[in-house]
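Single-letter residue listing:
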Amino acid sequence: MAWIMGGVPNDLRLDEIDRELLRALAEDARMPNNKLAERAGVAPSTALQRVRALRAAGVLRGFHADIDLAALGRPLQALVAIRLSSHSREQIDSFTGTVRRLPGVLSVFHLAGATDYLVWLAAPDAQGLREFVVDHLATHPAVAHAETSLIYEHHRGPGALADVAPPERAPGA
C-alpha cells in the first residue's frame, strides 16, 4: 500500500484512495460500504479495511448527525467571544471544562490573540440567549469580557479535502 501509519498523526500519509474515502464520508457518513468502495474505485473489502485503518489511526474520529436546531427548540445561534481575566492553567482548564458541558453549547474554540475563546451556542430565543450569557459566561469568575454576535445563517464549506488535488496519473494509467 502507498500509505504509511506512523506513531504521530503528522507521519500519516494518505493516498488518493484514502482521500476519496474521506471525501465521500464527509459528504455522507451513512454511505453504505459498497457505494463507498465504488466511489473510491476499490473492492468493498478494501474500502472497509481502509476505513477501519483510518479510524484506528485517528484520522477518522467520528460520525456526526447534522441536526436542525430549530426542530429542537433552539433556532437562535450565536458566537460569544470571551477574554479571560488571567491565563493560568487552572483557570483555562476550569473554564473549558465547565463551558463545554453546558446545554446549548455546540462548540468551544480556544484561540490565540485578543479573544481567548469563541463559544458557539444555540438558544430558544433572545431572552434565553441573554440568560445563558449572563448566567454562564459573563459572570464566570475567569471571564473578563464577553461579546455576543448573532448568527444569521450557517453554511458548511467544502471541507479540508476540497483543495487537495489528486496526484497526476501517467497517460494510459
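Values in this document were obtained by computation on a predicted structure and should not be read as measured data.

Conventions used here
- Residues numbered from 1 in each chain as written.
- Predicted model: local features only at pLDDT ≥ 70, side-chain atom pairs only at ≥ 80, totals over all residues.
- Heavy atoms only, no water.
- Salt bridge = Lys/Arg side-chain N within 4 Å of Asp/Glu carboxyl O.
- Helix = DSSP H or I, 4+ residues; strand = E, 2+ residues; numbered from the N terminus.
- Buried < 20%, exposed > 50% of the residue type's maximum accessible area, 1.4 Å probe, protein only.
- Polar contact = N/O pair within 3.5 Å; in protein donor to acceptor, adjacent residues only side chain to side chain.
- Axes fitted to C-alpha atoms, helices over the stretch in contact; angles between N-to-C directions.
- Parallel < 35°, antiparallel > 145°, perpendicular 65-115°, else oblique.
- Contact = heavy atoms within 4.5 Å.
- Nonpolar A, V, L, I, M, F, W, Y, C, P; charged D, E, K, R; others polar.
- Expected span 1.5 Å × (residues − 1).

**Section: the pattern of salt bridges**
Okay, step 1: Throughout the structure, instances matching the rule amount to six salt bridges.
Okay, step 2: We note a salt bridge from R23 to E20, for which the minimum N-O separation is 3.2 Å. Separated by three residues within a single helix, R23 and E20 lie in helix α1 (residues 16-27), roughly one turn from each other. Comparing R23 with E20 shows no difference in burial state: the two are buried.
Okay, step 3: A salt bridge links R39 to E20, with the shortest nitrogen-to-oxygen separation between them at 2.5 Å. Of this pair, R39 sits in helix α2 (residues 33-40) while E20 sits in helix α1; the two residues are 19 residues apart in sequence, bridging distant segments of the chain.
Okay, step 4: Of the residues examined, E20 reaches a relative accessible area of 17% and is grouped as buried.

**Considerations on the environment of H155**
Okay, step 1: By secondary structure assignment, the location of H155 is in the segment after β4 (143-151).
Okay, step 2: Polar side-chain contacts of H155 include one of 3.2 Å to the side chain of E153.

**Examining the packing of α1 against helix α3 (residues 44-56)**
Okay, step 1: The interhelical angle for the contact between α1 and α3, taken along N-to-C directions, is 80 degrees, at an axis separation of 10 Å. Compared by their axis directions, α1 and α3 come out roughly perpendicular. Note on element contacts: α3 touches α1 through A47, R50, V51 and L54, opposite I17, D18, L21, L22 and L25.
Okay, step 2: In terms of residue class, the contact of α1 with α3 is built from seven nonpolar, no polar and two charged.

**Considerations on α1**
Okay, step 1: For α1, built from 12 residues, the straight-helix expectation of 16 Å at 1.5 Å per residue is met to within 8% by its first-to-last C-alpha distance of 16 Å.
Okay, step 2: E16, D18, E20, L21, L22, R23, A24 and L25 are the residues of α1 that are buried.
Okay, step 3: Where the residues of α1 are buried, they touch α2 and α3.

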